[in-house]
Amino acid sequence: MISATFAYVRPGSVDEAVSALADAGEDAKVLAGGQSLTPLLRLRLAYPDALVDVGRIDELREIRDEGDAVRIGAMATHHQVLRDPLVNEHLPLIAQATATVADPAVRHRGTFGGSLAHADPAGDLPAVALALDAVLVARSVRGEREIPAADFFVDWMTSALEPDELLTAIRVPKLGPGWGSHYWKFHRTAQAWAIVGVACAVRRERGAIEDARVALTNMGPRPVRARAVERFIEGRSVSEDAFRSAGAHAAEGTEPPGDLHGSPEYRTHLAKVLTTRALTAAAAV
Amino acid sequence: MPPIRVEVDGATYEDDVEPRLLLVHYLRDRLGKVGTPVGCDTGNCGACTVLMDGLSVKSCSVLAVQADGHDVTTVEGLGAGGAEHPMQRAFHEEHALQCGYCTPGMIMASIDLLRENADPSEAEIRDGLEGNLCRCTGYQNIVRAVRRAAGEMRRPAEERATAEEREATP
Ligand SMILES: Cc1cc2nc3c(=O)[nH]c(=O)nc-3n(C[C@H](O)[C@H](O)[C@H](O)COP(=O)(O)OP(=O)(O)OC[C@H]3O[C@@H](n4cnc5c(N)ncnc54)[C@H](O)[C@@H]3O)c2cc1C
Ligand code: FES
Ligand code: FES
């Protein structure tokens, strides 16, 4: 299908972009990599009056070291993130999950920020951002604000961004020594979305798990932190048994959807099994 | 309508386009480059894959206005002076197509794959082509063709030229 008509603006700077968003009103949308938005336009599931294409604002693509955090520009492409030395050194969980997103051609255009702003609960990166306690930086003509990942994913495909706000960067605290991480994605075919995914980071000290952060993909209308798993495993000695018992708590407080890829019961089962596997893999530091 | 200027297969085009026009429709309907087909409506099948500044993209998921100022290569721009690109020749020789619908996208994605990895294993080829669906071949011969092209493209140019000369002499 051909999409409905819309106006198109291509600002050259962040300031121009936020003014364009303010001028365009409620029914404007940011165009990032377009890998989710273009199909939605074509299926006429989205009817924006205007698109603000931020694809030419180079500063939004920067990935830089901020001491105890890595700041990833919202427009850094999946392709760029995957190969970035800072991401690979300090946040291998992001690189590992990004490698499972779609396929090379989609990764050449799709962006880290776009994946988060899109807030698709089946997307792989929202759960990763949640597990890593990322902070999302948003700008509008009204100023800049920082939104913790825990407050960013509001509902199905709905983020905390206001219509006039541009996500500019994501600040992700580095995982220091002793941390291990793993993203376990379960999908039926190559290039498919996760039926369930588990993002997990743990800090091991003297044979025990001192810190654990676990977040789930596609176990509800938004990504969820598996707090019960974290509480269970923290302070315990590393063992197969401990990970299995921890995994058994994975579905607590979730609202898994039922669709043609699996029933809520099946997803509940997957969450438990995959959490056990992800913990085991992450702890193998 | 916004003006765009794009380089496609070595020629520069300047046009005014509607913002909603997709790159694939610009290529096919405005430039007549029908070598790039459309297979799906959702960015899934990869039939429409072209290179933008050397990187593979699905041209059904790029607006023509987004291609403004960029360099696009379609399957029609491969090969110099009528000669086939080694990837095209390998697809031909390994019988890597049946209906041919996926082939232009498959060839462009394969060229992109070799840009990053000159000597991919079978598993790496399957992984690198995960965004391109083929409903006919079962992929075996496609993998073989990419392996063959990779070998071909790693050979130094002079050696390749001599081999081609030899093949051309009756
Ligand atoms: C075939 C296919 C398979 C895929 N498989 C997966 C998968 O397995 N896992 C996965 O996680 N993803 C998958 N994706 C989605 C992919 O990751 C997209 O890159 C991503 O969802 C959107 O990023 P984008 O930059 O293309 O955003 P766009 O499509 O440009 O935008 C998406 C939405 O976010 C908003 N937005 C984007 N950037 C900003 C910003 N800076 N500020 C404010 N709002 C913004 C837009 O207005 C729009 O509403 C797939 C996509 C395709 C086409
Ligand atoms: S037509 Fe572009 S991916 Fe299918
Ligand atoms: S040859 Fe027919 S789809 Fe690939």
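What counts, and where the lines are drawn
- In every chain, residue numbers begin from 1 and rise along the written sequence.
- To read the labels, note that chains go from A and ligands from 1, taken in the order they are written.
- Per-residue local features are limited, in this predicted model, to residues with pLDDT of at least 70; the limit for side-chain atom pairs, both in listing and counting, is 80 or more; totals at the level of whole chains, interfaces and linings are taken over all residues.
- Only hydrogens and water are set aside when side-chain values are computed; all heavy atoms of the structure are taken into account.
- The axes are straight lines fitted to the C-alpha atoms, using for helices just the contacting stretch, and the angles between their N-to-C directions are given from 0 to 180°.
- Think of it this way: any DSSP run of H or I at least four residues long counts as a helix, any run of E at least two long counts as a strand, and we number them from the N terminus.
- Working rule for angles: under 35 degrees goes down as roughly parallel, over 145 as roughly antiparallel, 65 to 115 as roughly perpendicular, anything else as oblique.
- For any pair of crossing helices, the crossing counts as left-handed if the nearer helix is rotated counterclockwise from the farther one by less than a right angle, and right-handed if it is rotated clockwise.
- Any two residues whose heavy atoms approach within 4.5 Å at even a single point are treated as in contact.
- Under the grouping applied here, Gly and all other residues not named as nonpolar or charged are polar, the nonpolar ones being Ala, Val, Leu, Ile, Met, Phe, Trp, Tyr, Cys and Pro and the charged ones Asp, Glu, Lys and Arg.
- Throughout, nonpolar core names a set of buried Ala, Val, Leu, Ile, Met, Phe, Trp, Tyr and Cys residues whose side chains join them through atoms within 4.5 Å.
- Buried residues are those whose accessible area, probed at 1.4 Å on protein chains only, stays under 20% of the maximum for their type, while exposed residues exceed 50% and partly exposed ones sit between those limits.
- A domain assignment, automatic or from a database, supplies the domain bounds used here.
- We call a residue near a given molecule or strand whenever any one of its heavy atoms falls within 4 Å of it.
- Nitrogen and oxygen atoms within 3.5 Å of one another constitute a polar contact, given that in protein one can donate a hydrogen and the other can accept it, and given that sequence-neighbouring residues count only through two side-chain atoms.
- Where accessible areas are quoted, they stem from the Shrake-Rupley method and a 1.4 Å probe; at the residue level, only the protein chains shown are allowed to cover.
- Values of pLDDT, ranging from 0 to 100, describe the predictor's confidence in every residue of the model.

An unreviewed UniProt entry annotates chain B as (2Fe-2S)-binding protein of Actinomadura fibrosa.

Looking up chain A in an unreviewed UniProt entry gives the name FAD binding domain-containing protein, with the organism given as Actinomadura fibrosa.

A. Region of interest: the packing of helix 2 (residues 86–93) of chain B against helix 3 (residues 103–116) of chain B. Residues and elements named next belong to chain B. Running from N to C, helix 2 and helix 3 point in directions that differ by 125°, and their axes come no closer than 10 Å. Compared by their axis directions, helix 2 and helix 3 come out oblique. Classified by chirality, the crossing of helix 3 by helix 2 is right-handed. Every residue of helix 3 that contacts helix 2 at M87, Q88 and F91 is listed here: T103, M106, I107, S110, I111 and L114. Taken together, the residues of the contact of helix 2 with helix 3 sort by class into six nonpolar, three polar and no charged.

B. Representation of the nonpolar core within the structure. Residue and element names in this part refer to chain A. Core analysis: the largest hydrophobic core is formed by 45 residues, its most contacted members being I72, I94, L116 and I170. Sorting elements by how many residues they give to this core places helix 8 (residues 124–131) first, with six residues. Both of domain 2 (61–173) and domain 3 (179–283) provide at least three residues apiece to this core. If sequence neighbours within four positions are ignored, I170 has contacts with V70, R71, I72, A74, F112, G113, L116, A134, V135 and L136.

C. Representation of the site of ligand 1. With respect to spatial proximity, 33 residues lie near ligand 1, and among them V30(A), S36(A), L37(A), T111(A) and D124(A) are the closest. More than one chain reaches ligand 1: the nearby residues come from chains A and B. Here an oxygen atom of ligand 1 sits 3.1 Å away from a polar atom, N or O, in the side chain of K29(A). Between an oxygen atom of ligand 1 and a main-chain N or O atom of L37(A), the distance comes to 2.7 Å. Expressed as a share of its isolated accessible area of 970 Å², the protein-covered part of ligand 1 is 95%. Counting residues per element, the shell around ligand 1 draws most heavily on helix 7 (residues 112–118) of chain A, at four residues. For the shell around ligand 1, a count of residues per class yields 14 nonpolar, 15 polar and four charged.

D. Expanded view of the confidence of the model for chain B. Residue-level pLDDT values for chain B average 93, and 92% of them are 70 or greater. Interface confidence for the predicted complex, expressed as ipTM, amounts to 0.94; the pTM equals 0.96.

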